[in-house]
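# Coordinate analysis (summary)
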Amino acid sequence: MSLTLLRSGKSSIASVVFHKMPPNETLFLESTTRIQKDSIHSFMDFQVWDFPGQLEYLEPSFDLEDIFGSLGALVWVIDAQDDYLDSVARLNRTILTVQQYYPNINIEVFIHKVDGLSDEYRTDTFQDIVQRISDELSDAGYENAPVHYYLTSIYDYSVFEAFSKVIQKLIPNLSTLENLINTLANNCGFEKTYLFDVLSKIYIASDTRPVDMSCYEMCSDYIDVIVDVSELYSWDHPDRKPKGDQIQEAESHVVLHDETMIHLMEMNKYLCLVSVIRNPEAKEKKGLIDMNCRTFQEALNDVFSRSWEQDQDTDQADEEQTQPQLVEQGPRS
C-alpha cells in the first residue's frame, strides 16, 4: 500500500489510523523526506509505504516493479484546502502508468482535510477533482479504471471508514465474511454488526446493511473502553485464583440511555465482533446471542485457517461449507 503529496496529510493519516496518535499531535510531525515502510502485523500482515510528496518515482531511475509490483492499493491523498491542480495532474500520470503495467492495483483517492470546508464547498471540491480525473482517464481510453474517492479527515471517523473500504478490497474472503455476518445479524436481531481490527479500529467486514456513521462511532469508541479496562485489570495478581474455567476472549455489553445495547465479543487477539442491538426481544436473549457469536467465531477461524490462494469456484464452495448453524430467535420487530 502506498500513501502518495507534500504536506497533504498522508503521514498524519498513517499515524492516527495505525499508531493511535491523537489528531492534534500530528501537527508536530515533520515532512516525509524519504520512503518510509511501516509493517503492520494484525489479522493479516501488510506494509504501508509513505512516499515523499516531491519524489518523482515515475522517472526512469526508479524501478517500477520494485514500487508497484507487490502493491495491493495505492492511496493518494489530496489536500482539499490547498491548490490541488498539481496533485491531480501527478495523480493522473500515476494512474495511467499503473493502468498500463499494473491494472489490478486499486487506486484510492482521499480528498483530505475536508473538516475545514463548508458543506457546499466540500461538495464542489469533490465533484471538481472527480471530474478532472475522470476526463483525463476517459481521454486516455480508460473508462472503468478502478479509482475510488473518499472525503476524509483525521478529526472524525471518516478516515477510518475510508481505510476500512480500502482494506476490504484486499480481503479475498470478504464475501464469505459478509455472508456469515449477515446470517448472524439476522438470526440474533442485530441492527448493525462490524468485525473490527482491534489495533486500528478499521472494520474488515460488516453486514450488508447501510453504514450509519454514528453507529460506527459508538462501536469504535466502545472498543477503546474495553481495551482500556482490560489493560487495567489484566495484570497478574499473585493472590488471584480463577473460579472455574476461564474464557480467553473478552466479552462485554453495555446498555445506553436510549436502551440501545452494544455487544462486543473478541474473536481472537486481532479481531472483535461489535454489534448494535435495538430490538427489545433480542436484548432479553443474551445467552442465545453469546452462543451464536461463539458459533460465528468457529466459522470465522475456519475461514482464516484456509489458504487465500483459491479460485472463485473454491471460494463459493467454502461459503457453503462455513455457514454457521445459528439459532433464530424469531422475527425482528
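See the structure printed just above.
Residues numbered from 1 in each chain as written. Predicted model: local features only at pLDDT ≥ 70, side-chain atom pairs only at ≥ 80, totals over all residues. Heavy atoms only, no water.

## What to know about the overall build of the protein
Within the protein one finds 10 helices and 11 strands. With the model as given, the accessible surface of the protein reaches about 17,000 Å², and the carbon-plus-sulfur share is 48%. (Helix = DSSP H or I, 4+ residues; strand = E, 2+ residues; numbered from the N terminus. Areas by Shrake-Rupley, 256 points an atom, 1.4 Å probe, with all protein chains shown as cover.)

## Notes on the packing of aromatic side chains
Using the criterion set out here, one finds 13 aromatic pairs in the structure. Both rings, one in Phe196 and one in Tyr203, keep their centres 6.4 Å apart while their planes meet at 70 degrees; by these two values the pair is edge-to-face. For the pair shown, Phe196 and Tyr203 are each scored as buried. Connected via pairs of aromatic rings, a cluster forms that spans Tyr157, Phe160, Tyr194, Phe196, Tyr203 and Tyr216. The side chain of Lys192 reaches across the aromatic face of Tyr194, ending 5.6 Å from its centre. Just above the ring of Phe160 sits the side chain of Lys201; from NZ or CZ to the centre is 5.8 Å. (Phe/Tyr/Trp six-rings, centres within 6.5 Å; stacked < 30°, edge-to-face > 60°. Buried < 20%, exposed > 50% of the residue type's maximum accessible area, 1.4 Å probe, protein only. Lys NZ or Arg CZ within 6 Å of the ring centre and 35° of its normal.)

## What to know about the pairing of strand 2 (residues 36–40)
Note on strand geometry: in a regular strand, side chains alternate between the two faces of the sheet. Direction of pairing for strand 2 relative to strand 3 (residues 46–50): antiparallel, over a ladder of five bridges. Counted as the bridge partner of Gln36 is Asp50 from strand 3. What sits between strand 2 and strand 3 in their antiparallel hairpin is a turn of five residues. (Pairing = 2+ DSSP bridges.)

## A word on the nonpolar core
Counting residues in hydrophobic clusters, the biggest one holds 65 residues, and the most contacted among them are Phe18, Phe110, Phe163 and Phe196. Three or more residues apiece are contributed to this core by two domains, here domain 1 (2–170) and domain 2 (174–234 + 249–306). Excluding anything up to four places from it in sequence, Phe18 contacts Ile40, Phe46, Val48, Phe163, Ser200 and Ile202. Grouped together as the second largest cluster of nonpolar side chains are 28 residues, Ile67, Ile105, Val114 and Ile133 included. (Core = buried A, V, L, I, M, F, W, Y, C linked by side-chain atoms within 4.5 Å. Domains from an automatic or database assignment. Contact = heavy atoms within 4.5 Å.)

## Thoughts on the packing of helix 3 (residues 85–101) against helix 4 (residues 119–139)
Running from N to C, helix 3 and helix 4 cross one another at 35 degrees; their axes reach a closest spacing of 10 Å. In this structure, helix 3 meets helix 4 at a crossing whose hand is right-handed. Between helix 3, through Leu85, Val88, Leu91, Asn92, Ile95 and Leu96, and helix 4, the contact on the second element is made entirely by Ile129, Arg132, Ile133, Glu136 and Leu137. Across the contact of helix 3 with helix 4, the residue classes break down as eight nonpolar, one polar and two charged. (Axes fitted to C-alpha atoms, helices over the stretch in contact; angles between N-to-C directions. Left-handed = near helix turned anticlockwise from the far one by under 90°. Nonpolar A, V, L, I, M, F, W, Y, C, P; charged D, E, K, R; others polar.)

It is worth stressing that arrangement in space is one thing and function is another; only the former is reported here.
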